[in-house]
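Breakdown of the fold
If you want the building blocks of each chain, they are given just below.
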Number of protein chains: 2
Amino acid sequence: MSKHIAGPEIERLIQLLARIPGLGPRSARRAALHLIKKKEAFLQPLSQAMQVAVDTVQACSFCGNIDTADPCMICKDERRDPATLIVVEDVSDLWALERAGSMRVCYHVLGGRLSPLDGVGPDDLNIQKLLDRVAAGIVEEVILAVNATIEGQTTAYYITDLLARFDVRVTRLAHGVPVGGELDYLDDGTLAIALQERA
Amino acid sequence: MSKHIAGPEIERLIQLLARIPGLGPRSARRAALHLIKKKEAFLQPLSQAMQVAVDTVQACSFCGNIDTADPCMICKDERRDPATLIVVEDVSDLWALERAGSMRVCYHVLGGRLSPLDGVGPDDLNIQKLLDRVAAGIVEEVILAVNATIEGQTTAYYITDLLARFDVRVTRLAHGVPVGGELDYLDDGTLAIALQERA
């Protein structure tokens, strides 16, 4: 939108919308118009839902998950097995695992991965609380569900080392062929591991 | 996100975000997490900008444009030529023409196109006000910048008929090869017109 064709309020809305991941400048304009046209039915509720999120959402002081309650609904859920702890980098990974939905376990969100290049060290991650939870003696297995990237794997090695002094089983997610994946399109590393780990 | 892993406030935010054009369920989750992580710096200002838009944005009672002022900034702009009126279907078309940015003219937003199948008739569009503006005698040329679709062209014919009784020149956007477009990928209709209208 060029200058002087609409008030700064609309301009600002478009600029902020354009910063949402997945929207660019063009789709932000389209989104702004769509929102404005459905002011009462859509823009108003969305604005309110955002304000509610601003006011209520917080990090769980136990696991690092985000929720409107602290402890979060997962930590409070008594039907979950506190003996199994899945360690993830980010809340989005926790959501993904919950969508996959097979295990009723507890989580620990690191809030990132070790990345010396980006200046992310162990103190920047939610690692000490993980050690505290394991030290409490209830946890029997820690599943390191970090990303299969170099930084994720480095983080996994680091945490495995730290957990060595506890009487706890440390496991990782299996590598292999994605369900529905075609071998022809798979990278060599994955294929080699899938072959090696055949069952 | 499956049930019982976060408060309903987060769930509702994701659901509303997923209704923004350009975002689906997956990107809405990603957007919600991104917004929540930048609560103070991003979510709060966006929520406020939306509320400001709810409170201030309205349709211009002259041209149908949306703005925070009525008459809108374009209708109020005295450097624009009121003798030339560009008729568009939607505010997004007005924005697109302003971005192209060559003419300092006035606009008239129809708010849609004639579409019997969707139950959109002449009374549903901002046509009477267009006739009133032309009847006032200042307008010398009406440029029908409707979409090059069947419904857009039907709307153009209908308005051309209505304007026949006024002393006003009615023109249309030129058809032809898009700038940067490759002939090989162009549809036959456009190519035929481009050849016919060669200059």
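Placed above this text is the structure.
Residues numbered from 1 in each chain as written. Chains lettered and ligands numbered in written order. Predicted model: local features only at pLDDT ≥ 70, side-chain atom pairs only at ≥ 80, totals over all residues. Heavy atoms only, no water.

Looking at the sheet that holds strand β5 (residues 141-144) of chain A
Residues and elements named next belong to chain A. Taken in spatial order, the four strands make up an open sheet running β4-β3-β5-β6, and their pairing is parallel. Looking along the sheet, the strands with just one partner apiece sit at the ends: β4 (105-109) and β6 (169-172). Averaged over all neighbouring strand pairs, the angle between strand axes comes to 25 degrees, with direction disregarded. Relative to β6, β5 runs parallel, the two being bridged by four bridges. Within the sheet, the bridge partner assigned to valine 142 lies in β6 and is valine 170. Where helix α6 (residues 127-135) meets the sheet, it contacts β3 (81-88), β4 and β5, and its direction lies at approximately 150 degrees from that of β4. (Pairing = 2+ DSSP bridges. Helix = DSSP H or I, 4+ residues; strand = E, 2+ residues; numbered from the N terminus. Axes fitted to C-alpha atoms, helices over the stretch in contact; angles between N-to-C directions. Contact = heavy atoms within 4.5 Å.)

Digging into the layout of surface pockets
Its boundaries defined by the atoms lining it, the largest pocket holds a volume of some 490 Å³. Contributing to the lining of the largest pocket are 17 residues, with Asp90(A), Ser92(A), Asp93(A), Arg30(B) and Leu33(B) lying nearest its centre. Mapped by element, the contributors of at least two residues to the lining of the largest pocket are α5 (91-100) of chain A together with α2 (25-37) of chain B. The dominant element in the lining of the largest pocket, judged by the number of residues it contributes, is α2(B), at six residues. Residue classes in the lining of the largest pocket are distributed as four nonpolar, three polar and ten charged. (1 Å grid on protein atoms, 1.4 Å probe; cavity = no way out; pocket = protein on both sides within 12 Å on 5 of 7 lines; lining within 4 Å. Points joined across faces, edges and corners; volume = space filled by probe spheres on them. Nonpolar A, V, L, I, M, F, W, Y, C, P; charged D, E, K, R; others polar.)

Overview of the interface of chain B and chain A
Across the boundary between the two partners, chain B contributes 57 residues, which contact 57 residues of chain A. Contact between chain B and chain A buries roughly 5,500 Å² in total, counting both sides, with carbon and sulfur atoms accounting for 69%. Counting the contacts that link chain B with chain A gives two salt bridges. Linking Lys37(A) and Asp90(B) is a salt bridge whose minimum nitrogen-to-oxygen distance equals 2.5 Å. The interface formed by chain B and chain A holds 15 residue pairs in polar contact (both at pLDDT 80 or more) in total. At the level of secondary structure, the elements contributing two or more residues to the side of chain B that touches chain A comprise α1 (8-17), α2, α3 (39-56), β2 (66-67), α4 (73-76) and α5 (91-100) of chain B. For the side of chain B that touches chain A, the element with the highest residue contribution is α3(B), accounting for 15 residues. (Buried area = accessible area lost by both parts, 1.4 Å probe. Salt bridge = Lys/Arg side-chain N within 4 Å of Asp/Glu carboxyl O. Polar contact = N/O pair within 3.5 Å; in protein donor to acceptor, adjacent residues only side chain to side chain.)

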